[in-house]
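Read off the chains here:
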Amino acid sequence: MIKLAVDLDDCLLNTSRLILDRINQYFSKSIKLEEVVSFHIEKLFNLNAEVVDMIVQECLSTIIRPNRYAVEALNFLSDFYDICFITNRRSTQYQSTKTNLEVLGFKFKYDFYLCNKDSRGIPAKAELLNKLGIEFIIEDRPDTIEDIYNRTNCNILVMDKPWNRNIAENGRICIVRDWMEIKQVLMDIVLLGEICNGTKG
């Protein structure tokens, strides 16, 4: 089976919506998701970094709802893909993350991995992908996408977000907008051996 890794926050889970709602409530703001064009919201809107981090960590320790059709798509794709989940969360969030995955209703067995940031401050996913022999990953974070592209042979499905609109499609990068499109792209790979831009996988 083809090995597929899925990032949790803002790929599988609708994390940014929850975080943004809490940030708007705390700071009495009305920031819209489309305005979040940087992964570092505290710098973008001149917010207290410690408070933002506190809000983010509180959100990551709760049950977060999946993006629309994500669970159904992955349950379908599990007949063709060996699926795992990889996330840049803190070790203290292992149990809450495990619980979050368990309540989503997956009908397949999976592994999930917490990965730290490297010395550059980039989630160290590239090394893990190489170790696990992952062929495809669904990811949204720009610096992680660039690092995976440069340090692995993995194909990347980029979940379209305001903060990664500078990413361009090429032979190993495919931009996807929702889980219906992800399912179609991954089934095209199974049936046709093609990534979304027609490049042979």
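Shown above is the structure to which this text applies.
Cut-offs applied
- Residues numbered from 1 in each chain as written.
- Predicted model: local features only at pLDDT ≥ 70, side-chain atom pairs only at ≥ 80, totals over all residues.
- Heavy atoms only, no water.
- Axes fitted to C-alpha atoms, helices over the stretch in contact; angles between N-to-C directions.
- Helix = DSSP H or I, 4+ residues; strand = E, 2+ residues; numbered from the N terminus.
- Parallel < 35°, antiparallel > 145°, perpendicular 65-115°, else oblique.
- Left-handed = near helix turned anticlockwise from the far one by under 90°.
- Contact = heavy atoms within 4.5 Å.
- Nonpolar A, V, L, I, M, F, W, Y, C, P; charged D, E, K, R; others polar.
- Phe/Tyr/Trp six-rings, centres within 6.5 Å; stacked < 30°, edge-to-face > 60°.
- Pairing = 2+ DSSP bridges.
- Buried < 20%, exposed > 50% of the residue type's maximum accessible area, 1.4 Å probe, protein only.
- Patch = residues over 30% accessible without salt bridge, like charges linked within 9 Å, V, L, I, M, F, W, Y side chains within 5 Å.
- Areas by Shrake-Rupley, 256 points an atom, 1.4 Å probe, with all protein chains shown as cover.
- Salt bridge = Lys/Arg side-chain N within 4 Å of Asp/Glu carboxyl O.

> For this particular structure, what's the right way to read the packing of helix α4 (residues 70–77) against helix α8 (residues 179–192)?
When two helices pack together, their arrangement is captured by the angle between the axes and the distance separating the axes. Their axes nearest at 9 Å, the elements α4 and α8 cross at an angle of 15°. The angle between α4 and α8 falls in the class roughly parallel. Crossing of α4 against α8: the hand is right-handed. Only Trp179, Lys183, Leu186 and Met187 of α8 make contact with α4, whose side of the interface consists of Ala70, Ala73, Leu74, Phe76 and Leu77. Looking at side-chain class alone, the contact of α4 with α8 contains 8 nonpolar, no polar and 1 charged residues.

> What's the story with the packing of aromatic side chains in this structure? I'm lost.
Within a pair of aromatic rings, the relevant descriptors are the distance that separates the centres and the angle that separates the planes. Throughout the structure, instances matching the rule amount to 9 aromatic pairs. Centre to centre, the rings of phenylalanine 39 and tryptophan 163 are 6.2 Å apart; their planes meet at 80°, and the pair counts as edge-to-face. Placement of the pair is phenylalanine 39 in the loop between α1 (15–27) and α2 (41–44) and tryptophan 163 in the loop between β5 (155–159) and β6 (173–176), with a sequence separation of 124 residues. Grouping aromatic residues by their ring pairs yields a cluster made of Phe85, Phe106, Phe108 and Tyr110.

> How should the sheet that holds strand β1 (residues 2–7) be read in this particular structure?
Strands belonging to one sheet form pairs held by backbone hydrogen bonds; the direction of such a pair is parallel or antiparallel. With parallel pairing, the 6 strands of this open sheet are ordered in space as β3-β2-β1-β4-β5-β6. Of all the strands in the sheet, the pair left with one neighbour each is β3 (111–114) and β6. The mean angle between the axes of side-by-side strands here comes to 20°, regardless of whether they run parallel or antiparallel. Taken together, the 4 bridges between β5 and β6 define a ladder with parallel strand orientation. Across the sheet, residue isoleucine 156 finds its bridge partner in β6, namely isoleucine 173. The strands touched by helix α6 (residues 125–132) are β1, β2 (81–87), β3 and β4 (136–139); relative to β2, the strand with the most contacts, the crossing angle is about 155°.

> Just to check I follow, could you spell out the environment of lysine 107 for this structure?
Position of lysine 107 relative to the elements: it lies in the loop between α5 (94–102) and β3. What makes lysine 107 exposed here is its relative accessible area of 75%. Through-space distance from the C-alpha of lysine 107 to that of leucine 74 is 8.9 Å; in sequence the pair is 33 residues apart.

> What's the story with the pairing of β4 in this structure? I'm lost.
Looking along a regular strand, one sees the side chains alternate between the two faces of the sheet. Where burial is concerned, the two faces of β4 agree: the one with Phe136 and Ile138 and the one with Ile137 and Glu139 are both buried. Across 3 bridges, β1 lies against β4 in parallel orientation. Residue pairing for β4: alanine 5 is matched across the bridge by isoleucine 137. Where β4 meets β5, 4 bridges bridge the pair, whose relative direction is parallel. Looking across to β5, one finds that glutamate 139 is bridged to valine 158.

> What is the right way to read helix α7 (residues 142–151) from this model?
Helical periodicity: at 3.6 residues per turn, an α-helix aligns residues three or four positions apart in one direction. Of the residues making up α7, those classed as buried are Pro142, Thr144, Ile145, Asp147 and Ile148. On its buried face, α7 sits against α6, β4, β5 and β6.

> Teacher, can you tell me more about a nonpolar patch on the surface here?
Taken together, Val190, Leu191 and Leu192 make up a surface patch of nonpolar side chains, about 280 Å² in accessible area. Its location among the elements puts leucine 192 in helix α8.

> I tried to follow the environment of valine 103 on my own but got confused; where do I start?
For valine 103, the position within the fold is in the loop between α5 and β3. Sequence spacing of valine 103 and threonine 92 is 11 residues, and the spatial spacing of their C-alpha atoms is 19 Å.

> Explanation requested: unusual backbone geometry in the structure shown.
For residues other than glycine, phi is negative in most cases, and the peptide bonds are mostly trans. A positive phi angle, close to 55°, is found at serine 28, a residue other than glycine. Mapped onto the secondary structure, serine 28 falls in the loop between α1 and α2. Non-glycine residue tyrosine 69 carries a positive phi angle of around 70°. Positionally, tyrosine 69 belongs in the loop between α3 (49–60) and α4. On the basis of relative accessible area, tyrosine 69 is assigned to the partly exposed category, the value being 26%.

Remember that the coordinates give geometry; whether it matters functionally is a separate question.
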